[in-house]
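Descriptive structure summary
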Amino acid sequence: MQEKDGRDLMVEVRGLRSQFGDRVIHENLDLDLLRGEVLGVVGGSGAGKTVLLNTIIGLKQPEGGTVKVLGYDRANLTDAEAADIERRTGVLFQQGALFSALSVLENVASPLVEHTRLPKSTIYELAELKIAMVGLKPEHHYLKPAELSGGMKKRVGLARALALDPELIFLDEPTAGLDPIGAAAFDDLIRKLADDLGLTVFMITHDLDTLYAICDKVAVLADKRMVAKATVQELERSDHPWIKEYFLGPRGRAAARIKA
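Predicted model, so just to flag it, every value in this text is computed and none were measured. (Residues numbered from 1 in each chain as written. Predicted model: local features only at pLDDT ≥ 70, side-chain atom pairs only at ≥ 80, totals over all residues. Heavy atoms only, no water.)

**Remarks on the overall build of the chain**
- A count of helices and strands for the chain gives 10 helices and 11 strands.
- For 260 residues, the compact-globule estimate of 2.2 N^0.38 gives 18 Å, and the C-alpha radius of gyration of the chain, at 18 Å, lies within 12% of that figure.
- Relative to its 260 residues, the chain shows a buried fraction of 47%.
- Counting contacts in the chain only where the partners sit at least 6 residues apart, residues at least 24 apart contribute 66% of the total.
- Total accessible area on the chain stands at roughly 12,500 Å², and carbon and sulfur atoms take up 50% of it. (Helix = DSSP H or I, 4+ residues; strand = E, 2+ residues; numbered from the N terminus. Rg over C-alpha atoms; globule rule 2.2 N^0.38 Å. Buried < 20%, exposed > 50% of the residue type's maximum accessible area, 1.4 Å probe, protein only. Contact = heavy atoms within 4.5 Å. Areas by Shrake-Rupley, 256 points an atom, 1.4 Å probe, with all protein chains shown as cover.)

As structure tokens, this is what we get:
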């Protein structure tokens, strides 16, 4: 695995080209994610944020360029390498993507059932630990997803993403649909878990409060590529039109004042 600034590159994207039919989404896109970094990825509607996420986690094949995750080139993975990536990464999709027929405990246990040979009792003990880590209580263990609030579903999804003790987690709009208090609490949870567990975090978000509160760096997707990767304070001084409008508009200024 290559290093940058003395830290491992957990994700390395070079010259990425993505398209659907004749529509080009990404062209010559480069991005690095360093070990231990909490990275927010922003961009306008239709900029291809989720397409980028899906390409990095292997749900979409790129039309050009290279994508490396944990040092492995996604274009040339062996079955063993693909399994290693799956064990060492976790994903929280925007709507949680919970199994509707399974309880909270069964949802969180599912990666352990799939990827380990641990006794069932141990699997459920570990799942209970992950559920507690995200702030849910034992009385939630046997609820089904339909019985959960939006914020609870996200916490269950996060617990499932953490089930295998991953090094790297991917979050797709983790605070979308939450009220401001719930969103702030979820931000605090992500930052605490990242610090306590030494996680590397790739997070798609449009939430300015999240960017100011918990992200080490922000990568900006515009003009079909990454036009910047910097701290929010550095981005506030950018001359790029989209970045200026995003960070220096009324909502951006309000988020900056709250953080200050």
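Moving on, there is more to tell.
**Comments concerning helix H3 (residues 104–115)**
- The set of residues buried in H3 consists of Val-104, Leu-105, Asn-107, Val-108, Ala-109, Ser-110, Pro-111 and Leu-112.
- Taken together, the buried residues of H3 touch helix H4 (120–133) and helix H5 (150–161).

**Considering the layout of surface pockets**
- The computed volume of the largest pocket comes to approximately 710 Å³.
- Along the walls of the largest pocket sit 32 residues, with Ile-57, Glu-86, Thr-89, Val-91 and Phe-93 positioned nearest its centre.
- Considered class by class, the residues forming the lining of the largest pocket number 17 nonpolar, nine polar and six charged. (1 Å grid on protein atoms, 1.4 Å probe; cavity = no way out; pocket = protein on both sides within 12 Å on 5 of 7 lines; lining within 4 Å. Points joined across faces, edges and corners; volume = space filled by probe spheres on them. Nonpolar A, V, L, I, M, F, W, Y, C, P; charged D, E, K, R; others polar.)

**Let's talk about the pairing of strand E10 (residues 217–222)**
- For E10, the buried fraction is high: five of the six residues fall into the buried class.
- Of the pairings in the sheet, the one linking strand E4 (residues 38–43) to E10 comprises five bridges and is parallel in character. Within E10, the residue paired with Leu-39 across the bridge is Lys-217.
- The pairing of E10 with strand E11 (residues 225–230) spans five bridges and is classified as antiparallel. (Pairing = 2+ DSSP bridges.)

**As for the packing of H3 against H4**
- It is the contact of H3 with H4, at a shortest axis distance of 9 Å, that shows an interaxial angle of 120°. Here H3 lies oblique to H4, going by the angle between them. When you trace H3 past H4, the crossing you get is right-handed. The residues of H4 that touch H3, namely those facing Val-104, Leu-105, Glu-106, Val-108, Ala-109, Leu-112 and Val-113, are Ile-123, Tyr-124, Leu-126, Ala-127, Glu-128, Lys-130 and Ile-131. (Axes fitted to C-alpha atoms, helices over the stretch in contact; angles between N-to-C directions. Parallel < 35°, antiparallel > 145°, perpendicular 65-115°, else oblique. Left-handed = near helix turned anticlockwise from the far one by under 90°.)

**Notes on helix H1 (residues 49–56)**
- Within H1, six of the eight residues are buried, leaving the element largely enclosed by the surrounding structure.
- Turning to H1, its buried residues are Lys-49, Val-51, Leu-52, Leu-53, Thr-55 and Ile-56.
- Where H1 ends, the next residue or the one after it, Gly-58, has phi of about 95°, a positive value.

Read these as layout, nothing more, since geometry by itself doesn't imply function.
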